[in-house]
Amino acid sequence: MLAGAGMVAGVAACSGEQALDGRDAVRLAVSPGGGAALPPDSPIDVRAQTGRIANVTVSTAKGEAVEGDLNADRTQWRSRWSLTPGQSYTVDATAIGKDGKTRTVRSGFTVATVQKRFGVNVEAPYNKETVGVGIPIIMHFDRPVQDRASVEKALEVRSDKPVEGAWHWFGNQEVVFRPKEYWPAHTRASFIAHLSGVNNGKGMYGGKDYAVNFTVGDSHVSTAGEDNHKMVVKINGKKARTIPTSMGRGGEEKYTTTDGVHLTMQKDDPVTMTSDWEGCGQGCAGYYSLTVYKAVKISDSGEYVHSAPWSVGDQGHDNVSHGCINVSPSDAKWFYNLAQRGDVVTVTGTSRKLDPQNGWGFWQMGWSDWVKGSALQRSVSTAPHMDAATLSAQSGNGAVQKPRASHN
């Protein structure tokens, strides 16, 4: 619901069309031209006839600049994103006519306040985090998104190396960005959700913008074979270590390590793992509770790469775990220190496939199916990287959601 507000005080309302001085004089029009408060999704539009636009500057009362796009023949400028509810704006536009004379128009207006707003929780990446090459961008909305296309249009990913990617919706409260291929190592990237003022339908609008800067670090790609009982870790494409492992003992699906492309999600040292996740609490015949060190989480079904001194004799030979990847204390320490969120851990040789929604199993989905999950049914190419100073000037940082832990 919108609440009205008056026009900005002290701003000249010379919007509308500039009078012609002659056949070759420029005519310049700015919309909106002031008056009643505008809905936040109203565009700012500047048009020139019999001439070309030389400059358009749009700023808020707080001095924040507004981004826009100028068409190829410089006759129209249009704001790129929704406007901030309750904010006042000033538009200064200058155009040059065929007679060589300039005309300048200034317009001032306010945007209506809103009573219903939706917010966002950014699960990954954290602001200023160094991440792995598989990192997704994960957003959770605190209310159902009615107009997913409008929200998706407001999401922008920038990087200093060109990347093709796409957004994919899981229900109406989670959207995830994933590249077509792994991120190039040592990429500087940023994510900006221009959500302030975005219309979500039924009188609900985005409450604020969100911005996150992150850096893709070294490429860490590990392959763990269920049948050969080892995990090969490559750093920037070169083999760094071969680690003996003991994986899920099988017999039942819940004790079988999931097969497919996992991502490292978090690190815990220590973490307590129990059989509660499988409905086996204290008093149950198969109950266990273990304190585990140097644990790197790779799924939401409780799988970790972790230190398991009790299974060192089996590592490299037999699978005896409840589903995790058991390694020696020294190998666990090395892997734990190496790991970044978003590193790739591919498990091969098991009969239990990793579900794309199990943890960060998004790479399990083929590219064409991934793109089909976009509300706009399209992939996007990343824009040039925006530095942290510019990001922080435009937006606030999203909150972080922590994941959870389970079995050994």
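K.L.:
Lay out helix α2 (residues 329-338) in plain terms, naming residues and giving numbers.
P.N.:
For α2, every residue scored as buried is listed here: Asp331, Ala332, Phe335, Tyr336 and Leu338. The arc that holds the buried residues of α2, viewed along the axis, is 160°, so those residues lie on one side. Opposite the packed face of α2, turned more than 90 degrees from it, sit the exposed residues Ser330 and Asn337.

K.L.:
Residues and numbers for the pattern of salt bridges, please.
P.N.:
Inspection of the entire model under this criterion finds 15 salt bridges. Arg80 is the salt-bridge partner of Asp69, the closest N and O atoms lying 2.6 Å from each other. On the criterion of sequence distance, the pair formed by Asp69 in strand β6 (residues 68-70) and Arg80 in the loop between β7 (76-79) and β8 (88-97) is long-range, its members being 11 residues apart. Here the salt bridges do not stand alone but share partners, grouping Glu67, Asp69, Arg80, Glu156 and Arg158 into one network.

K.L.:
Explain the sheet that holds strand β12 (residues 120-124) to me, and be specific about the residues and the numbers.
P.N.:
Taken in spatial order, the 5 strands make up an open sheet running β12-β14-β17-β16-β33, and their pairing is antiparallel. Where the open sheet ends on each side, the last strands, each with one partner, are β12 and β33 (380-381). Inspection of the sheet shows β12 paired to strand β14 (residues 137-141) by 4 bridges, in the antiparallel sense. Bridging across to β14, Ala124 finds its partner in Ile138.

K.L.:
Give a description of the environment of Lys297 that names residues and reports values.
P.N.:
Among the structural elements, Lys297 can be located in strand β29 (residues 295-297). A residue is classified by how much of its surface remains accessible, and Lys297, at 1% relative accessible area, is buried. Linking Lys297 and Lys267, residues 30 residues apart in sequence, is a C-alpha distance of 6.2 Å.

K.L.:
Please give an account of the state of the cysteines that cites residues and values.
P.N.:
Summed over the entire model, instances satisfying the criterion amount to 1 disulfide. Covalently, Cys280 is tied to Cys284 through a disulfide, its sulfur atoms 2.0 Å apart. Taking the torsion about the sulfur-sulfur bond, which here is approximately -105°, the covalent link between Cys280 and Cys284 counts as left-handed.

K.L.:
So what's going on with the pairing of β7? Residues and values would help.
P.N.:
Within a regular strand, side chains alternate between the sheet's two faces. Of the two faces of β7, only one is covered, namely that formed by Trp77 and Ser79; the face formed by Gln76 and Arg78 stays uncovered. Where β6 meets β7, 3 bridges bridge the pair, whose relative direction is antiparallel. Paired with Gly68 across the bridge in β7 is Ser79. Between β6 and β7, which pair antiparallel one after the other, the connecting turn spans 5 residues, and Arg74 there sits at a positive phi close to 60°.

K.L.:
A description of unusual backbone geometry should follow, citing residues and the corresponding values.
P.N.:
Cis rather than trans, the peptide bond between Ala124 and Pro125 has omega equal to -10°. With respect to the helices, strands and loops of the structure, Pro125 is situated in the loop between β12 and β13 (129-131). Omega for the bond connecting Asp269 with Pro270 falls within 30 degrees of zero, at 5°, which places this linkage in the cis form. Along the chain, Pro270 falls in the loop between β26 (266-268) and β27 (271-274). A positive phi is found at Lys128, a non-glycine position, where the angle reads about 65°. Of note, Lys128 is situated in the loop between β12 and β13. Unlike most non-glycine residues, Asn236 shows phi in positive territory, near 50°. Position of Asn236 among the secondary structure elements: in the loop between β23 (230-235) and β24 (238-244). Residue classification places Asn236 among the partly exposed residues on the basis of a relative accessible area of 38%.

K.L.:
Summarise the nonpolar core; cite the residues concerned and give the values.
P.N.:
Among soluble globular proteins, nonpolar side chains are generally buried collectively. Among the nonpolar cores identified, the biggest contains 46 residues, and Met139, Phe141, Trp167, Trp183, Leu195 and Phe214 are the most heavily contacted of them. Setting aside its immediate chain neighbours within four residues, Trp167 contacts Ile137, Met139, Glu152, Leu155, Val157, Val175, Val176, Phe177, Phe191, Trp370, Gly373 and Ser374.

K.L.:
Lay out the confidence of the model for the chain in plain terms, naming residues and giving numbers.
P.N.:
Low-pLDDT portions of the prediction should not be read for the details of their coordinates. Here the chain averages 89 in pLDDT, while 88% of its residues score no lower than 70. Taken together, the stretch residues 1-20 has pLDDT below 50 and engages in 58 contacts with residues farther than four places along the chain or on a different chain.

K.L.:
Lay out the sheet that holds strand β22 (residues 220-225) with the relevant residues and their values.
P.N.:
Pairing is mixed in the open sheet, where 5 strands are placed in the order β24-β23-β22-β32-β25. Where the open sheet ends on each side, the last strands, each with one partner, are β24 and β25 (260-263). For this sheet the average axis-to-axis angle between neighbouring strands, irrespective of direction, equals 20°. Inspection of the sheet shows β22 paired to β23 by 6 bridges, in the antiparallel sense. If you follow Ser222 over to β23, its bridge partner there is Val233. Sheet strands in contact with α2 are β22, β23, β24 and β32 (344-348), and its direction is about 140° off that of β24.

Definitions and cut-offs
Residues numbered from 1 in each chain as written. Predicted model: local features only at pLDDT ≥ 70, side-chain atom pairs only at ≥ 80, totals over all residues. Heavy atoms only, no water. Buried < 20%, exposed > 50% of the residue type's maximum accessible area, 1.4 Å probe, protein only. Helix = DSSP H or I, 4+ residues; strand = E, 2+ residues; numbered from the N terminus. Arc of directions from axis to C-beta. Salt bridge = Lys/Arg side-chain N within 4 Å of Asp/Glu carboxyl O. Pairing = 2+ DSSP bridges. Disulfide = S-S within 2.5 Å. Core = buried A, V, L, I, M, F, W, Y, C linked by side-chain atoms within 4.5 Å. Contact = heavy atoms within 4.5 Å. pLDDT = per-residue confidence, 0-100. Axes fitted to C-alpha atoms, helices over the stretch in contact; angles between N-to-C directions.

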